[in-house]
Amino acid sequence: MKKEYVITIIASLAVALLVAALLWFFVIKPQKDDRQELEKKVENMQELAAIDKEEMENEYAQLGRQYGEMMSQITNDSLIAQLTREQMHAQQLLDELKKVKADDAREIARLKKELNTVRAVLRQYIRQVDSLNLVNQSLRNENKDLTGRLEEAGRKNQNLEEERQALTDKVNIAAQLDATAISMTALNKRGKASKKMKDAKQLQVSFNISRNVTAQNGQRTIYVRIQTPAGAALYGGGYFNYENRQLEYSMKKVIEYSGEETPVVTYWNIAEFLEAGEYRVSIFADGHLIGSRTFNFEK
């Protein structure tokens, strides 16, 4: 009887152990593994949510910088004001995102939706700014081309003006009168030529205005200036303009010039002692020196 009882107990323990083993392998252990796996999945999801949140923060910041870069490329005040509002809106959403916890799925989803909207608005403004920049570039190119053409026209006009001025100068030079055959004679009291200045009572200066078909016809005032050996001018009662200054003239005479050779004779009455030596005669007309010559007289 005792032997059967012991066998029964051993069999019961074996069954109990078998049941426990079966519970461990088929119930308790799988539940524990599932819980650990679930915990691991939750942990991974939290890590992914944190990474996703960080990426969203970076993208919001990047969008704000892009708005700033676009504003630096344009000068349109109205468009700058619009971009400023959008930049502030992106910054506001970024500030909200920084305050949200990574596991707040509802807020994260809302801010992600807002991020898509901000992206779409930014793309519209990028196209608008690009279009505006293309127009501005086209206008700049046209302005550059117009400026180049104006500069080229200015250079051509300058060249034409220089050529015209050169031609005018040549014409003016060609049209200048020319005094030739200049002579100066000391006349005594009988009107005869005298070699000695002490016997002279009058100085006669004669010359010819050469033929010049390019010169303007009409009345001309001719000025004769006589300088003594000391360099002083014999004063004849007035002045004339020459090279932005006024010079004393000794004699002047108004002639009628027709373009043909015209003889001119002028006289200066001696009322003072004149020394012997070299005298210079200079003849002027129209503000130009048209001839000069020196003469020597004895005592």
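About the cut-offs
- Residues numbered from 1 in each chain as written.
- Predicted model: local features only at pLDDT ≥ 70, side-chain atom pairs only at ≥ 80, totals over all residues.
- Heavy atoms only, no water.
- Pairing = 2+ DSSP bridges.
- Helix = DSSP H or I, 4+ residues; strand = E, 2+ residues; numbered from the N terminus.
- Phe/Tyr/Trp six-rings, centres within 6.5 Å; stacked < 30°, edge-to-face > 60°.
- Buried < 20%, exposed > 50% of the residue type's maximum accessible area, 1.4 Å probe, protein only.
- Core = buried A, V, L, I, M, F, W, Y, C linked by side-chain atoms within 4.5 Å.
- Contact = heavy atoms within 4.5 Å.
- Salt bridge = Lys/Arg side-chain N within 4 Å of Asp/Glu carboxyl O.
- Polar contact = N/O pair within 3.5 Å; in protein donor to acceptor, adjacent residues only side chain to side chain.

## So, the sheet that holds strand β2 (residues 193-194)
Strands belonging to one sheet form pairs held by backbone hydrogen bonds; the direction of such a pair is parallel or antiparallel. The strand order across the open sheet built from 4 strands is β2-β1-β3-β8, with neighbouring strands paired in antiparallel fashion. Strands at the two margins of the open sheet, each flanked by one partner only, are β2 and β8 (262-269). As paired strands, strand β1 (residues 179-187) and β2 are joined by 2 bridges and run antiparallel to one another. Bridging across to β2, leucine 187 finds its partner in alanine 193.

## Some words on the packing of aromatic side chains
A full pass over the atoms with the stated rule returns 6 aromatic pairs. Between tyrosine 223 and tyrosine 249, the ring centres sit 5.3 Å apart and the planes meet at 50°, which makes this aromatic pair tilted. Note that tyrosine 223 is positioned in strand β4 (residues 218-227) and tyrosine 249 in strand β6 (residues 245-249), a separation of 26 residues in sequence. In terms of burial, tyrosine 223 and tyrosine 249 fall into one category: buried. Ring geometry for tyrosine 235 versus tyrosine 239: centroids 5.9 Å apart, planes at 50°, classification tilted. Note on tyrosine 239: relative accessible area 45%, which makes it partly exposed. Members of the aromatic cluster, joined through ring pairs, are Tyr223, Phe240, Tyr242, Tyr249 and Phe284.

## Description of the nonpolar core
Grouped together as the largest cluster of nonpolar side chains are 30 residues, with contacts concentrated most on Met184, Leu203, Phe207, Ile209, Ile226 and Val281. Listing elements by their share of this core, those giving two or more residues are β1, β3 (202-209), β4, β7 (251-257), β8, β9 (277-285) and β10 (288-297). Contact partners of valine 281, with chain neighbours within four places excluded, come to Ile182, Met184, Val205, Val224, Arg225, Ile226, Gly291, Ser292, Arg293 and Phe295.

## Observations regarding the pattern of salt bridges
Evaluation of the coordinates by the stated rule reveals 6 salt bridges. A salt bridge links arginine 110 to glutamate 107, with the nearest nitrogen and oxygen atoms 2.9 Å apart. Here glutamate 107 and arginine 110 lie together in helix α3 (residues 105-175), a separation of 3 residues that amounts to about one turn. Overall, the relative accessible area of 33% leaves arginine 110 in the partly exposed class. Among the ionic pairs, arginine 211 bridges to glutamate 260, the shortest N-O distance being 3.1 Å. Taken together, the positions of arginine 211 in the loop between β3 and β4 and glutamate 260 in the loop between β7 and β8 put the pair 49 residues apart, joining distant regions of the chain.

## A look at the side chain of serine 206
Its place among the elements puts serine 206 in strand β3. The exposure class of serine 206 is buried, given its relative accessible area of 16%. A polar contact is formed between the side chain of serine 206 and the side chain of serine 183, at a distance of 2.6 Å. Setting aside its immediate chain neighbours within four residues, serine 206 contacts Ala181, Ile182, Ser183, Val264 and Val265.

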